[in-house]
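Structural description and commentary
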Amino acid sequence: MMTVKLTASALAIAAVAASSAAARDNVQVAGSSTVLPYASIVAEAFGENFDFPTPVVESGGSSAGLKRFCEGVGENTIDVANASRAIREKEIQACAEAGVTDIIEVRIGYDGIVFASQIDGPDYTAFTQSDIFNALAPKVMVDGELVDNPHTMWSDFNADLPEAEIMAFIPGTKHGTREVFEEKVLLTGCEETGAMEAMVAGGMSEDDAEDACLHVRADGRSVDIDGDYTETLASIDSNPNGIGVFGLAFYENNTDKLKVATMAGVEPTTESISTGEYPVSRPLFFYVKKAHIGVIPGLKEYASFFVADEIAGPDGPLAEYGLVSDPELADTQAKIENETTMGEGM
């Protein structure tokens, strides 16, 4: 188990916090379901390594978490909002109207997934979002019509892909990377192939069509993996034709067993993910209410611990779960240390 010693300055902050008339002594967090597993890992480790109670981490989604965050300042409001997108201008305005004027934006890293297969398996080296959608969606476009997915081989819909049975192992609905898989792969593929347009033309609302785009076929060719990436790797080992969805760090630690495919012509690397060039990626954030620092015990320490090298760095537990480490992590650490709020230093 990791051991962490508080610095003298951190102990001084803790002493001030302990003397404050705070009605609660634990950090309260809510928001993104994508950030939830990472925040839960950090909260548990924080509780084990610090003399502060384990933070309470709830889900609910980015928008709901930011709405709660912007309700105001005080012990009855949350301290941290997790988000799988940047806070919007209208949310900043809502916060300000409720007295939440000083917000620290913390980018924890990137949500980026790669498509990999057995190193000696079929020649899966280049995919597009349309390829994945055509392979895994329950309904696809064939000859201009939306029909039940008839494809059994990758070459059925793209002659450049191997003549191999479709078998994919994807993040389960409880996994932190399922959302980016749905939004950045399935939804994009649905739009690019014309399937979404056909759904709307057939009488579905745009919202219902978007939801339908995120579904996967249920005939055994798409398998949800709710465990960690070692379970996905074992599935690939047992299925030579299979492709699996992995976090970048896991793939890079298993290049002796796996080969990776490009997506839309872009090779997945830390650089291409962090710049947004690789299309199946996005930055992840949490937002800290500065007014609660020094009032809610452990808040600044929790934020600092979250982005510490040994936690959010490339060899930390968050990378093992799928987070792509931020190359600019040191800047984020300094932002928390200096309590730099949004708009400062610009």
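Shown above is the structure to which this text applies.
Residues numbered from 1 in each chain as written. Predicted model: local features only at pLDDT ≥ 70, side-chain atom pairs only at ≥ 80, totals over all residues. Heavy atoms only, no water.

Let's shift gears to the packing of aromatic side chains. Under the defined criterion, the tally for this structure stands at 19 aromatic pairs. Between Phe46 and Phe50 the ring centres are 4.5 Å apart and the planes differ by 20°, which places this aromatic pair in the stacked class. The same class applies to Phe46 as to Phe50, namely buried. Three or more aromatic residues joined by ring pairs make a cluster, and in this case those are Phe46, Phe50, Phe52, Phe286, Tyr302, Phe305 and Phe306. (Phe/Tyr/Trp six-rings, centres within 6.5 Å; stacked < 30°, edge-to-face > 60°. Buried < 20%, exposed > 50% of the residue type's maximum accessible area, 1.4 Å probe, protein only.)

A packed helix pair is summarised by two numbers, namely the angle formed by the two axes and the spacing between the axes. Where helix 5 (residues 129–136) meets helix 6 (residues 178–193), the closest approach of the two axes is 7 Å, and the angle between their N-to-C directions is 90°. Between helix 5 and helix 6, the angle falls in the class roughly perpendicular. The segment helix 5 lies against helix 6, with Gln129, Ser130, Ile132, Phe133, Asn134 and Leu136 engaging Phe181, Lys184, Val185, Leu186, Thr188, Gly189, Cys190, Glu192 and Thr193. (Axes fitted to C-alpha atoms, helices over the stretch in contact; angles between N-to-C directions. Helix = DSSP H or I, 4+ residues; strand = E, 2+ residues; numbered from the N terminus. Parallel < 35°, antiparallel > 145°, perpendicular 65-115°, else oblique. Contact = heavy atoms within 4.5 Å.)

What follows covers helix 15 (residues 329–337). Within helix 15 the residues assigned to the buried category are Leu329, Thr332 and Ile336. Buried residues of helix 15, seen end-on, are gathered within an arc of 60° and therefore sit on one face of the element. Exposed and oriented more than 90 degrees from the buried face of helix 15 are Ala330 and Asp331. Among the structural elements, strand 4 (103–118), helix 12 (299–306) and helix 13 (309–312) are those in contact with the buried residues of helix 15. (Arc of directions from axis to C-beta.)

Burial of nonpolar side chains together is a common tendency in soluble globular proteins. Phe115, Phe127, Ile132, Trp154, Phe181 and Phe246 are the most contacted members of the largest nonpolar core, which has 41 residues in total. Every element with two or more residues in this core is listed here: strand 4, helix 5, strand 8 (168–171), helix 6, helix 9 (229–238), strand 10 (243–247), helix 10 (248–252) and strand 11 (258–260). No other element matches strand 4, which puts five residues into this core. (Core = buried A, V, L, I, M, F, W, Y, C linked by side-chain atoms within 4.5 Å.)

With that out of the way, let us pick up unusual backbone geometry. You will see that Asp143, though not glycine, has its phi angle at about 55°, which is positive. Following the sequence through the fold, Asp143 ends up in the loop between strand 6 (139–142) and strand 7 (145–148). Unlike most non-glycine residues, Ala264 shows phi in positive territory, near 55°. Locating Ala264 in the fold gives a position in the loop between strand 12 (262–263) and helix 11 (270–274). Ala264 sits in the partly exposed class, given a relative accessible area of 41%.

Moving on, we get to the pairing of strand 7. Bridge count between strand 6 and strand 7: four bridges; the pairing is antiparallel. From the neighbouring strand, Val142 faces strand 7, where its bridge partner is Glu145. Hairpin remark: strand 6 followed by strand 7, antiparallel, with two residues in the connecting loop; positive phi at Asp143, about 55°. (Pairing = 2+ DSSP bridges.)

Side chains of Glu191, Glu192, Glu206, Asp207, Asp208, Glu210 and Asp211 sit close together on the surface and give a patch of like negative charge. Those elements giving two or more residues to the negative patch turn out to be helix 6 and helix 8 (206–213). Among the elements that line the negative patch, the one with the most residues is helix 8, at five residues. Structurally, Glu206 can be placed in helix 8. (Patch = residues over 30% accessible without salt bridge, like charges linked within 9 Å, V, L, I, M, F, W, Y side chains within 5 Å. Areas by Shrake-Rupley, 256 points an atom, 1.4 Å probe, with all protein chains shown as cover. Salt bridge = Lys/Arg side-chain N within 4 Å of Asp/Glu carboxyl O. Lys, Arg positive; Asp, Glu negative; His and termini not counted. Charge placed at Lys NZ, Arg CZ, Asp CG, Glu CD.)

Here we come to the pairing of strand 2 (residues 56–60). Sheet analysis places strand 1 (residues 28–31) next to strand 2, joined by three bridges and oriented parallel. Bridge pairing links Val29 to Val57 in strand 2. Tracing the backbone out of strand 1, into helix 2 (residues 36–49) and back to the parallel element strand 2 gives a crossover that is right-handed. (Right-handed = clockwise from strand over helix to strand, strands pointing away.)

Okay, the state of the cysteines next. Counted under the stated rule, the structure contains two disulfides. The partner cysteine of Cys70 in its disulfide is Cys95, sulfur to sulfur 1.9 Å. Across the disulfide from Cys70 to Cys95, rotation about the S-S bond amounts to roughly -75°, and the bridge is consequently left-handed. Placement of Cys70 in the loop between helix 3 (62–69) and strand 3 (80–83) and of Cys95 in helix 4 (residues 89–97) is noted, with a sequence separation of 25 residues between them. Residue classification places Cys95 among the buried positions, given a relative accessible area of 0%. Between the sulfur atoms of Cys190 and its disulfide mate Cys213 the distance is 2.0 Å. Residues Cys190 and Cys213 are joined by a disulfide whose S-S torsion is about -55°; by sign, that bridge is left-handed. (Disulfide = S-S within 2.5 Å.)

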